[in-house]
Amino acid sequence: MTDALLSIKDLRIGYRLADALAPAVRGVGLDVRRGECVAVVGESGSGKSSTAHALLGVLPDNAEVSGSARLGDIELIGARPRVLRAVRGRRIGFVPQDPMSALNPVQRIGDQVAEVLRIHRLADRRTARLRAIEALERAGLDRPAQRARQFPHQLSGGMRQRALIALATVADPALIVADEPTSALDVTVQRTILDRLAELSSASGAGVLLITHDLGVAAERADRLVVMRGGTVVEAGSVSDLIDRPREGYTRELLGAAPRLDTPPLVGARPEPSRPLLELRGVDVSFRLPRAAGADRTVAAVSGVDLTVERGETVGLVGESGSGKTTTARVALGLVRPDAGEASFDQAPLSGLRGEALRLLRRRIQVVQQNPYASLNPRWTLTEIISEPLAVFGIGDRAARAARVAELLDRVGLPTSYAGRLPRELSGGQRQRVSIARALAPQPDLIVCDEPVSALDVSVQARILRLLVDLQAEFGQGYLFISHDLAVVRQIAHRTAVLSAGRIVEVGPTEEVLARPRHDYTRTLLAAVPGAREPERSPA
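What counts and what doesn't
Residues numbered from 1 in each chain as written. Predicted model: local features only at pLDDT ≥ 70, side-chain atom pairs only at ≥ 80, totals over all residues. Heavy atoms only, no water. UniProt positions renumbered as here; feature names shortened; annotations may be inferred. Helix = DSSP H or I, 4+ residues; strand = E, 2+ residues; numbered from the N terminus. Rg over C-alpha atoms; globule rule 2.2 N^0.38 Å. Buried < 20%, exposed > 50% of the residue type's maximum accessible area, 1.4 Å probe, protein only. Contact = heavy atoms within 4.5 Å. Areas by Shrake-Rupley, 256 points an atom, 1.4 Å probe, with all protein chains shown as cover. Lys, Arg positive; Asp, Glu negative; His and termini not counted. Charge placed at Lys NZ, Arg CZ, Asp CG, Glu CD. Domains from an automatic or database assignment. Nonpolar A, V, L, I, M, F, W, Y, C, P; charged D, E, K, R; others polar. Phe/Tyr/Trp six-rings, centres within 6.5 Å; stacked < 30°, edge-to-face > 60°. Lys NZ or Arg CZ within 6 Å of the ring centre and 35° of its normal. pLDDT = per-residue confidence, 0-100. Pairing = 2+ DSSP bridges. Polar contact = N/O pair within 3.5 Å; in protein donor to acceptor, adjacent residues only side chain to side chain.

- The chain appears in an unreviewed UniProt entry as Peptide/nickel transport system ATP-binding protein from Naumannella cuiyingiana.
- Of the comments in the UniProt record for the chain, the one headed Sequence similarities (unreviewed entry) reads "Belongs to the ABC transporter superfamily."

## A look at the overall build of the chain
Move 1: Across its full length, the chain holds 20 helices and 20 strands.
Move 2: Whereas a compact globule of 540 residues would reach a radius of gyration of roughly 24 Å, the chain reaches 23 Å, a difference of no more than 12%.
Move 3: When the backbone C-alpha atoms are referred to their principal axes, the chain occupies close to 65 × 55 × 45 Å.
Move 4: Of all 540 residues assigned to the chain, the portion counted as buried reaches 53%.
Move 5: Of the contacts made within the chain by residues no fewer than 6 positions apart, 69% connect residues no fewer than 24 positions apart.
Move 6: Split by element, the accessible area of the chain, about 22800 Å² in all, is 48% carbon and sulfur.
Move 7: Looking at charge distribution, the chain has the averaged site of its 71 positive side-chain charges lying 6 Å from that of its 63 negative ones.

## What about helix 14 (residues 382–392)?
Move 1: Among the residues of helix 14, those classed as buried are Leu382, Ile385, Ile386, Ser387, Pro389 and Leu390.
Move 2: Buried-residue contacts for helix 14 involve helix 15 (398–411) and helix 16 (428–440).
Move 3: Immediately downstream of helix 14, the backbone of Gly394 shows phi near 65°, a positive value.

## Here's the deal with the domain arrangement of the chain
Move 1: Domain annotation for the chain reports domain 1 (4–254) and domain 2 (277–288 + 298–372 + 445–528).
Move 2: Centre-to-centre separation of domain 1 and domain 2, based on C-alpha positions: 30 Å.
Move 3: Per-element tally for the side of domain 1 that touches domain 2: the top contributor is helix 7 (residues 157–169), with 4 residues.
Move 4: Looking at the side of domain 1 that touches domain 2, its residues break down into 7 nonpolar, 10 polar and 6 charged.

## Some points on the packing of aromatic side chains
Move 1: Scanning all chains against the criterion turns up 0 aromatic pairs.
Move 2: One cation-aromatic arrangement involves Arg421 over Tyr418; the distance from NZ or CZ to the ring centre is 3.9 Å.

## Points about helix 1 (residues 48–56)
Move 1: Counting buried positions over the 9 residues of helix 1 gives 7, a clear majority of the element.
Move 2: Inspection of helix 1 places Lys48, Ser50, Thr51, Ala52, Ala54, Leu55 and Leu56 among the buried residues, and these make up the whole buried set.

## Looking at the confidence of the model for the chain
Move 1: Confidence in the prediction for the chain averages 88 pLDDT; 96% of positions are at 70 or higher.
Move 2: Across residues 533–537 the pLDDT falls below 50, and counting only partners more than four positions away or on other chains, this stretch makes 12 contacts in the model.

## Re the sheet that holds strand 12 (residues 298–309)
Move 1: An order of 12-11-14-15 is seen for the 4 strands of this open sheet, with the pairing classed as antiparallel. Looking at the sheet topology across the chains shown, the edges are occupied by strand 12 and strand 15 (348–349).
Move 2: With 8 bridges connecting them, strand 11 (residues 278–288) and strand 12 associate as antiparallel partners. Counterpart to Leu280 in the pairing with strand 12 is Leu307.

## Quick look at the side chain of Glu451
Move 1: In this fold, Glu451 is placed in the loop between strand 17 (446–450) and helix 17 (458–475).
Move 2: A distance of 3.0 Å separates the side chain of Glu451 from the side chain of His484, its partner in a polar contact.
Move 3: Ignoring sequence-local partners within four residues, the contact set of Glu451 consists of Lys325, Gln370, Gln432, Ile482, Ser483 and His484.

Next comes the structure, spelled out in structure tokens:
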């Protein structure tokens, strides 16, 4: 292809592990034209992210790379560090998969975005600061001047992801490599971000290489699709050809596993109401902002939240990034004490637990966190990570714990041979499966799932959702299931609560809330789902 902006040929990547070379990418070839969006889809571990990282020279030290990747007249594979430094940020904008690991925790958001312009000498200090605020606004952040003065830990996961997108696009690069850019975002912000990427591509002729496991996003936004499996390209072509007339069985499998708003739910009828396992009554939580963040010294994260989770029930909690979902989860876990109202577990106030009572609570409530990179000890093997709660709570002997680890690895779709691996040797989706296995290990009564499948490809996502449903049917635990993916919530939740600006604006049976929403905000969320139709209006 002579007019290709990016041309990848016979790209091969392997990782040196002990005395063996584990191949991750096997002869991949693809092109991206100017102004074109090419989406690369496939299972976790298929080589998608390794391909993206190779373009910028940010693979780990144990990686061995061969082949060619040309950006215009620049050969990226084997390029000198000086050449790559000139390319990163200026010629190629990169949106990584994990915002918390990619952002400097001790530097303000605005300074990090402005740094791109100053490094490449595109603006002086004052102009760079102003352009950074503009980039944050284009990326969908509210109050961008205030957000520019905040640190990463003061933003929600979705807000941090938007800051990364601002950082990647502030210098108007020729190519944007977006590695799961919307996996942490709610559907309304997802639409804003993807619209922004499309606008930039159209206005400047920038090409977009979109790495994603979300087939809905890929089908709606990409010009062409590339399907990868086991480090190879199994099928490539136009979106219409691959969606409507897939040639390969694996492509058909991915399409069949993708959740949709019309997909039948996996859960059955809601259990008969009994004594609530988790109960939040009139919960208010506010956080103080640093003086430099603006005139308002506090921000209300949640206000007047009433929510219950029964035994054997799954309650979905949906809303935009920053709506208070994660704060509500932290209250449910006893990690944040409400300013007003009460949170109780099995009729015991969470705020009053101390010592042994608090320790026993930790066994009964487990969490699957949103960020699999930051929630796993990087120095521990998978065996040590998954068996830690078993050891802490004195469950089983060494042999029984090893058997439990092997069982859990198998149930979440990881080979038992991975037991000795470190987190850095896994893909993002594989790390999230380890987080789920760890939460399941002590067989808790309640699992707070904070975006538990957002990093997973559709085939593994379907397996994990089925696993969660089967375990609930077998053991009767409750789930507080936080997600921005309404199609996933429809599959797994008996009831759904919708959060907007810290308040629950609608709650009810999931089928009713998603098919016949009463609140305008719920209708806005549903209308933003890729490929969704306008939902019915419920009679007042």
